Amino acid sequence: MKATKYIWKDGEWLDWDKAQLHVLTHSLHYGGAAFEGIRLYETQRGPALFRVQDHYRRLLFSAEQLYMEVPYSVGELVAVTQELVAKNQLTSGYVRPIIVYGSGQMGVTPSAELPVSIYIAAWDWPPLLGSKPIRLSVSSFKRLPSTSIIPEAKHTGNYLSNQLASQEARRRGYDEALVLDQDDYIAEATAENIFFVKDGKLYTPQLGNALPGITRDTIVQLASDNQYGIQVVNWKMNDLKDIDEVFLTGTGAEVIAVSEIDDLQITFDFGPITRTMRDMYLELVSGEIPDNYNWLTYIH
Ligand code: PMP
């Protein structure tokens, strides 16, 4: 990871190396932190954040679900992020806000005395899964049931099962895991939503057992605004036999083709719809096509 100069914490600018937490930080012990991942893109008009307001709305929702009191609005967090990017002289990269319950009290229930802190870091981080089609392995770890977590939130504790799945896939020699829910319905990957293409139409698993990804929503909107059929489905692995194309979507990974899923023993094309969706997405985030949705927030 390429360090930058500053990390913002509760209104202060800390040197990158000074943004540290006590070992008895409550969120570290029990997984109760809220976080986000936001991308910054280089455009002709200078660096721009993509759907930053939507990311901060989700962050504040995640924090609220943990009863954290956060004294900042979406607008204030966006302004801080613009300043952070400028101070760190980034032209593209990734922004990671995280809200934690601090130290001073142990036990699963965070007491009212526990401080809540918000940190925002930003650094240069290329697409997580590269740009070539990737290979997925169906995980033996099932997605945590939506009755045990808040599936719309990005809470660090939700990611233990994703981490186990992702480590398993990589140890099996694959690039990423495909995670099924408790009833074997296809849910998502460990940090991406999934789309399928069949006969020119797009399909994606229903929410409830997948994070409502902002990139997923972007693709759904781009597809419907460009007259592609799109349908939300509840599919199992044996529904994938006649699929033509598969791709993943996420802030970190962007839009990435899938060439193979282990269980199916079949391969998919990096086909025309995946290419079109990937190209449209990359053109949109980098300001090469008109930002009709007002999704770009420029730094200056
Ligand atoms: N699912 C999971 C589990 C994720 O962590 C992410 C990344 N935030 C996504 C899907 C994709 O979400 P987004 O497009 O908002 O980054």
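For the structure, see preceding data.
Residues numbered from 1 in each chain as written. Predicted model: local features only at pLDDT ≥ 70, side-chain atom pairs only at ≥ 80, totals over all residues. Heavy atoms only, no water.

**Student:** Run through the overall build of the chain, naming residues and quoting values.
**Tutor:** Looking only at helices and strands, the chain has 6 helices and 17 strands in total. Compactness check: the chain gives a C-alpha radius of gyration of 19 Å against a globular reference of 19 Å for 300 residues, within 12% of the reference. Projected onto its principal axes, the C-alpha coordinates of the chain cover approximately 55 × 45 × 30 Å. Across the 300 residues in the chain, those meeting the buried criterion constitute 51%. The long-range share in the chain, meaning contacts at least 24 apart out of those at least 6 apart in sequence, stands at 72%. Accessible surface, the chain: about 14000 Å² in total, of which carbon and sulfur atoms supply 47%. Between the averaged position of the 26 positive side-chain charges in the chain and that of its 38 negative side-chain charges there is a distance of 3 Å. (Helix = DSSP H or I, 4+ residues; strand = E, 2+ residues; numbered from the N terminus. Rg over C-alpha atoms; globule rule 2.2 N^0.38 Å. Buried < 20%, exposed > 50% of the residue type's maximum accessible area, 1.4 Å probe, protein only. Contact = heavy atoms within 4.5 Å. Areas by Shrake-Rupley, 256 points an atom, 1.4 Å probe, with all protein chains shown as cover. Lys, Arg positive; Asp, Glu negative; His and termini not counted. Charge placed at Lys NZ, Arg CZ, Asp CG, Glu CD.)

**Student:** Would you mind going over the side chain of Thr25 in detail, with residue names and values included?
**Tutor:** By secondary structure assignment, the location of Thr25 is in the loop between strand 2 (12–15) and helix 1 (26–30). Within polar-contact distance, the side chain of Thr25 engages the backbone oxygen of His22 at 2.5 Å. (Polar contact = N/O pair within 3.5 Å; in protein donor to acceptor, adjacent residues only side chain to side chain.)

**Student:** Pulling in residues and values, what's your account of the packing of helix 2 (residues 52–65) against helix 3 (residues 74–87)?
**Tutor:** Here helix 2 crosses helix 3 at 120°, and the two axes come no closer than 9 Å. Relative to helix 3, the element helix 2 lies oblique. Classified by chirality, the crossing of helix 3 by helix 2 is right-handed. Across from Val52, Gln53, Tyr56, Arg57 and Leu60 in helix 2, the residues of helix 3 making contact are Val74, Leu77, Val78 and Thr81. Taken together, the residues of the contact of helix 2 with helix 3 break down into 6 nonpolar, 2 polar and 1 charged. (Axes fitted to C-alpha atoms, helices over the stretch in contact; angles between N-to-C directions. Parallel < 35°, antiparallel > 145°, perpendicular 65-115°, else oblique. Left-handed = near helix turned anticlockwise from the far one by under 90°. Nonpolar A, V, L, I, M, F, W, Y, C, P; charged D, E, K, R; others polar.)

**Student:** I'd love a proper account of the pairing of strand 15 (residues 254–261), names of residues and values included.
**Tutor:** Counting buried positions along strand 15 gives 7 out of 8 residues, so the element sits mostly inside the fold. Pairing analysis gives 3 bridges linking strand 8 (residues 134–138) to strand 15, with the strands arranged parallel. Bridging across to strand 15, Ile134 finds its partner in Val258. For strand 14 (residues 245–250) and strand 15, the ladder comprises 5 bridges, and the chain directions are antiparallel. Paired with Phe247 across the two strands is Ala257, which belongs to strand 15. Remark: 3 residues form the turn of the hairpin made by strand 14 and strand 15, two consecutive strands paired antiparallel. As paired strands, strand 15 and strand 16 (residues 266–267) are joined by 2 bridges and run antiparallel to one another. Counted as the bridge partner of Ile261 is Ile266 from strand 16. Counting the residues that bridge the hairpin from strand 15 to strand 16 gives 4 residues, and of these Gln265 lies at a positive phi of roughly 50°. (Pairing = 2+ DSSP bridges.)

**Student:** Break down the packing of aromatic side chains for me, with residues and values.
**Tutor:** Going through the model one piece at a time under the given rule, you end up with 13 aromatic pairs. On the basis of an interplanar angle of 35° and a centroid distance of 5.6 Å, the ring pair of Trp123 and Trp125 is categorised as tilted. Note on Trp123: relative accessible area 6%, which makes it buried. Judged by relative accessible area, Trp125 falls into the partly exposed class, the value being 31%. Measuring from ring centre to ring centre gives 5.0 Å for Phe195 and Phe247, while their planes differ by 0°; the resulting arrangement is stacked. Of this pair, Phe195 sits in strand 11 (residues 193–198) while Phe247 sits in strand 14, and the two are 52 residues apart along the sequence. We classify Phe195 as buried; its relative accessible area is 0%. Assessed through its relative accessible area of 0%, Phe247 is described here as buried. In this structure an aromatic cluster arises from ring pairing among Trp16, Tyr94, Trp123 and Trp125. Sitting over the ring of Tyr6, Lys87 keeps its end group 5.2 Å from the ring centre. (Phe/Tyr/Trp six-rings, centres within 6.5 Å; stacked < 30°, edge-to-face > 60°. Lys NZ or Arg CZ within 6 Å of the ring centre and 35° of its normal.)

**Student:** Kindly report on helix 6 (residues 272–285), identifying the contributing residues and their values.
**Tutor:** End to end, helix 6 covers 20 Å across 14 residues, agreeing with the expected 20 Å (1.5 Å per residue, within 8%). Turning to helix 6, its buried residues are Ile273, Thr274, Met277, Arg278, Met280, Tyr281, Leu284 and Val285. Take helix 6 and look down its axis: the buried residues cluster within an arc of 165°, on one side only. At the C-terminal side of helix 6, Gly287 shows a positive phi close to 70°. (Expected span 1.5 Å × (residues − 1). Arc of directions from axis to C-beta.)

**Student:** Account for the layout of surface pockets, naming residues and giving values.
**Tutor:** By volume, the largest pocket amounts to about 740 Å³. Forming the boundary of the largest pocket are 38 residues, of which Phe35, Lys154, Tyr159, Thr190 and Ala191 lie nearest the centre. Those elements giving two or more residues to the lining of the largest pocket turn out to be helix 2, strand 6 (93–101), helix 4 (159–171), helix 5 (214–225) and strand 14. At 6 residues, the largest contribution of residues to the lining of the largest pocket is made by helix 4. Each residue belonging to the lining of the largest pocket can be placed in one class, and the counts come to 14 nonpolar, 15 polar and 9 charged. In this structure, the second largest pocket occupies an estimated 250 Å³ of space. Lining the second largest pocket are 13 residues, and of these Ile7, Arg96, Ile98, Ala121 and Trp123 lie nearest its centre. For the lining of the second largest pocket, the secondary-structure elements that each account for two or more residues are strand 6 and strand 7 (116–123). Along the lines of polarity and charge, the residues of the lining of the second largest pocket split into 12 nonpolar, no polar and 1 charged. (1 Å grid on protein atoms, 1.4 Å probe; cavity = no way out; pocket = protein on both sides within 12 Å on 5 of 7 lines; lining within 4 Å. Points joined across faces, edges and corners; volume = space filled by probe spheres on them.)

Geometric descriptors of this kind do not, in isolation, establish any biological role.
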